[in-house]
Amino acid sequence: HRRVTLRRRGAWHGNLAVLGVEGVARPEALAGRWRACRPVVLPGALGRGIEPGSAEESLAFAPYRALRRGAGLAGWLEGLGDELDPPFRLLPDAPELADPERDLARVGVAWGEEVDDLWIKAARLSTHPADESARVRVAFGREGDDDASPDRLRLRLVHELAERVLPGCARVHAADELRGQLEGLAGVPLLFTQHIAYWNAPEGGALFHHDAFDEAEDERQLGVLYVQLAGCTAWLALSIGDLAGRVREFAENLDGGDFPWIEEAVFADRLSWNNLGRLLRRDDRLVRELGLPGCGRLAQLVNQGPEFTGLLADAGHAWVLEPGDAIVLPNAGLRRTAMHSVFCASDAPTYGLSIALRRR
């Protein structure tokens, strides 16, 4: 259909040819991918995305414009008026920023007199000067420490608060067919919570990471749903076990002399041939390293450029999400989860929602 050039933070990762989708995957095939913690792509999951030039599009990009033009997070939230109150209300004291380099602002939110530790945070995706991407997150408690909290009341309040403030969120929550597909995969009723709105802009996106936590089996996050609402994003997504296999394959290519120019970039600092060899000899070590923040010592290898990106795309691990499409990233713990890397695939900022899936 078209060609997508992959660029992120000044690095070129090659081009993708976007192919048509023929037919719909069988439910049993999707269930197998869910069990294996492989990504499940659902074309047209919402039926349609946001129409370009519509009032809905204007609303979807209103927070992004506020963050870019100086009104800021607080100004945008105050402009929502009756959408919040009652029973939510904005708190006057601004909580301390967890990541001053990328965080733009954080606003505390109370629910009635019972809960006063909800919050909404705006941040940049990176510090690269050409990356104008932004995100707004709705959560509660101590950032980092409570990211995996199973507090049911607060998880439900995040669901309701996100529906009131994040554009398009109510439509995702009300998509009964999508919810039915997801609950069929998970085998349990689901709660949508811990929402993040993303405006991925050209040169923006996310490096390889996962969304798993060290949690008890009966309380853990079951996966993450990402719905593309406006514009397009390109994804590299696969299970952490599959990513380990592709790292081994790529290392064999390097050892065979296929990409001599990569050695200086990949093996200059934290990773050496000896260290890589030790990781490759043990599945548990390799998976554990990939599961570390930023993929640990393998960060430069998996994120460095078109050679590894091309290997993953040729192996069937690449997708381009159009408006209305969704991708589900299953999770069964730190050692069994879906890894993913994201690029902007449009000439202008895009809009999508990331939503954690937990048992209802």
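Up top is the structure.
What comes next is a walk through the structure. This structure is a prediction, so every number in the text was calculated from the model and none was measured. (Residues numbered from 1 in each chain as written. Predicted model: local features only at pLDDT ≥ 70, side-chain atom pairs only at ≥ 80, totals over all residues. Heavy atoms only, no water.)

## Focus: unusual backbone geometry
It is generally the case that most residues other than glycine have a negative phi and that most peptide bonds are trans. The phi dihedral of Q194 is positive, around 50°, even though this residue is not glycine. A positive phi angle, near 75°, is found at E203, a position not held by glycine. As for its position among the elements, E203 is in the loop between β8 (190–199) and β9 (205–209). On the basis of relative accessible area, E203 is assigned to the buried category, the value being 16%. (Helix = DSSP H or I, 4+ residues; strand = E, 2+ residues; numbered from the N terminus. Buried < 20%, exposed > 50% of the residue type's maximum accessible area, 1.4 Å probe, protein only.)

## Quick notes on the packing of helix α8 (residues 240–255) against helix α10 (residues 273–281)
The description of two helices packed together rests on the angle between their axes and the distance between the axes. α10 packs onto α8 with a crossing angle of 140° between their chain directions and a minimal axis gap of 11 Å. As the angle between them shows, α8 and α10 are arranged oblique. Of the two possible hands of crossing, α8 and α10 adopt the one that is left-handed. From α8, V247, R248, A251, L254 and D255 reach across to α10, where they touch W273, L276, L280 and R281. Partitioned by chemical class, the residues of the contact of α8 with α10 number 6 nonpolar, no polar and 3 charged. (Axes fitted to C-alpha atoms, helices over the stretch in contact; angles between N-to-C directions. Parallel < 35°, antiparallel > 145°, perpendicular 65-115°, else oblique. Left-handed = near helix turned anticlockwise from the far one by under 90°. Contact = heavy atoms within 4.5 Å. Nonpolar A, V, L, I, M, F, W, Y, C, P; charged D, E, K, R; others polar.)

## Regarding the layout of surface pockets
When its volume is computed, the largest pocket comes out at roughly 1,300 Å³. Around the largest pocket sit 43 residues that line it, and R135, Y198, H209, H210 and D211 are the ones nearest its centre. Listed by contribution, the elements that provide at least two residues to the lining of the largest pocket are β6 (115–124), β7 (134–140), β8, β9, β10 (223–230), α11 (283–291), β14 (338–344) and β15 (351–359). Ranked by residues supplied to the lining of the largest pocket, first place goes to β9 with 5 residues. Residues belonging to the lining of the largest pocket are distributed by class as follows: 22 nonpolar, 10 polar and 11 charged. (1 Å grid on protein atoms, 1.4 Å probe; cavity = no way out; pocket = protein on both sides within 12 Å on 5 of 7 lines; lining within 4 Å. Points joined across faces, edges and corners; volume = space filled by probe spheres on them.)

From the geometry alone we can't say anything about function, so treat these as descriptive.
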